[in-house]
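Listed here are the chains, written in short residue letters.
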Amino acid sequence: MKVDNLTHTYSVGTPFERNAVEHISFSVYPGEFVGVIGHTGSGKSTFIQHLNGLLRPTEGHVYFQGQDIWSAPKITHAIRFHVGLVFQYPEYQLFEETVYKDIAFGPTNMGLEQDEIDRRVREAAGFVGLGEALLEKSPFELSGGQKRRAAMAGVFAMEPEVLILDEPTAGLDPAGCESILAQIRQYHRAKGNTVLLVSHSMEEIARNAGRIVVLDQKHIVMDGTPADIFSRAEELESIGLGVPEVTRIAMALRRRGLPIDGAVYTQEALRAEILRLRGGRSIC
Ligand SMILES: Nc1ncnc2c1ncn2[C@@H]1O[C@H](COP(=O)(O)OP(=O)(O)OP(=O)(O)O)[C@@H](O)[C@H]1O
Ligand SMILES: [Mg+2]
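Quantities reported herein were computed from a predicted structural model and do not represent experimental measurements. (Residues numbered from 1 in each chain as written. Chains lettered and ligands numbered in written order. Predicted model: local features only at pLDDT ≥ 70, side-chain atom pairs only at ≥ 80, totals over all residues. Heavy atoms only, no water.)

Draft legend 1. Region of interest: the pattern of salt bridges. All chains considered together, the criterion is met by 17 salt bridges. For E159, the salt bridge is made with R119, and the minimal N-O distance between the two is 3.2 Å. With E159 in the loop between helix 6 (144–156) and strand 7 (162–166) and R119 in helix 4 (residues 114–127), this pair connects stretches of sequence that are 40 residues apart. Of the residues examined, R119 reaches a relative accessible area of 36% and is grouped as partly exposed. With its nearest N and O atoms 3.4 Å apart, the salt bridge here joins K191 to E159. Of the two residues, K191 sits in helix 7 (residues 174–191) while E159 sits in the loop between helix 6 and strand 7, which places them 32 residues apart along the sequence. For K191, a relative accessible area of 26% gives the class partly exposed. A network of salt bridges, in which partner residues are shared, links E116, R119, R120, E123, E159 and K191. (Salt bridge = Lys/Arg side-chain N within 4 Å of Asp/Glu carboxyl O. Helix = DSSP H or I, 4+ residues; strand = E, 2+ residues; numbered from the N terminus. Buried < 20%, exposed > 50% of the residue type's maximum accessible area, 1.4 Å probe, protein only.)

Structure below.
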């Protein structure tokens, strides 16, 4: 996908008119796992809602496989099946009588055969860890975490080439967060599809994404590998984002004279670095 010079203005022509994103250009390639991070109000949700045609650019263009997604109504309609979006707090979007029907909603609208819909519903439910017994329940009987999984499964079941998740772990406890992230990683590995994960958490992004896009005040201010991005710790701190805790520890050790590699941003990498410096002798 390619976004060219995107600006979005809400409430045009009213006293509330305001730009939410300005002059954003961005490309994402098949199979990438991109983390999108930024402060509240930096424009993350506005930006990603343009990728599946939910919002129309005030200025600029969005291309999918070389075609402007607004160039013809047929293309604009079809983009929703190619680019799946799991909203912030998706559990509020469940509306069918059963969890099964909710997950089947997207594939049914795609006009797929019944057998294929059934296969996708069961596979997607498996990816998000919803057992068969839950499929015939009403979505309203599910717990908060299960509702979120059901909403995610509804998008997974469309098998979109690009999967976008807008803060899928917001409001969950640490175990719930890790389990949802593990399911997203598993889906990405199994299908090889492109994933964009929006998050407030540097730790979450560091552990999952191969590339990071940083938004600040309506603009993309950084775009690179985790190693590139976390080597710019001072700039990140100046926009109030900081680096993962483990990177801060590595930086402090470096300041004390230990020749630790600059690109440490996971616990495993820090552990490997310390082991290397100790010549392979074990540490606790
Ligand atoms: N429907 C809307 N109408 C008017 N202004 C809006 C609307 N949605 C968002 N905005 C404004 O646009 C700006 C960007 O909002 P957006 O929701 O894209 O940010 P965000 O980075 O996703 O924030 P958060 O981390 O809180 O989800 C904010 O100033 C917000 O108040
Ligand atoms: Mg948002």
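Draft legend 2. A look at the packing of helix 6 against helix 7. For the pair helix 6 and helix 7, the least separation of the axes is 12 Å and the interaxial angle reads 10 degrees. Relative to helix 7, the element helix 6 lies roughly parallel. Here R149, M152 and F156 of helix 6 come into contact with helix 7, specifically with G176, S179, I180, Q183, I184 and Y187. Taken together, the residues of the contact of helix 6 with helix 7 sort by class into five nonpolar, three polar and one charged. (Axes fitted to C-alpha atoms, helices over the stretch in contact; angles between N-to-C directions. Parallel < 35°, antiparallel > 145°, perpendicular 65-115°, else oblique. Contact = heavy atoms within 4.5 Å. Nonpolar A, V, L, I, M, F, W, Y, C, P; charged D, E, K, R; others polar.)

Draft legend 3. Representation of the packing of helix 11 (residues 245–255) against helix 12 (residues 267–277). Two elements in contact, helix 11 and helix 12, have axes whose closest approach is 9 Å; the angle formed by their N-to-C orientations is 25 degrees. Taken together, helix 11 and helix 12 sit at an angle that is classed as roughly parallel. As helix 11 packs across helix 12, the resulting crossing turns out to be left-handed. Across from V246, I249, A250 and L253 in helix 11, the residues of helix 12 making contact are Q267, L270 and I274. (Left-handed = near helix turned anticlockwise from the far one by under 90°.)

Draft legend 4. Spatial organisation of the packing of aromatic side chains. Counted by the stated rule, this structure contains six aromatic pairs. Centroid distance F26 to F47: 5.3 Å. Interplanar angle 90 degrees. Geometry classified as edge-to-face. Of the two residues, F26 sits in strand 2 (residues 18–27) while F47 sits in helix 1 (residues 44–49), which places them 21 residues apart along the sequence. An identical accessibility class is assigned to F26 and F47; each is buried. Each ring, one from F127 and one from Y187, has its centre 5.4 Å from the other, and the planes form 75 degrees; the classification is edge-to-face. Pair noted here: F127 is in helix 4 and Y187 is in helix 7, with a separation of 60 residues, a long-range link. A relative accessible area of 9% means that F127 is categorised as buried. In this structure Y187 comes out as buried when scored by relative accessible area, which is 1%. One aromatic cluster in this structure is built from F127, F156 and Y187. (Phe/Tyr/Trp six-rings, centres within 6.5 Å; stacked < 30°, edge-to-face > 60°.)

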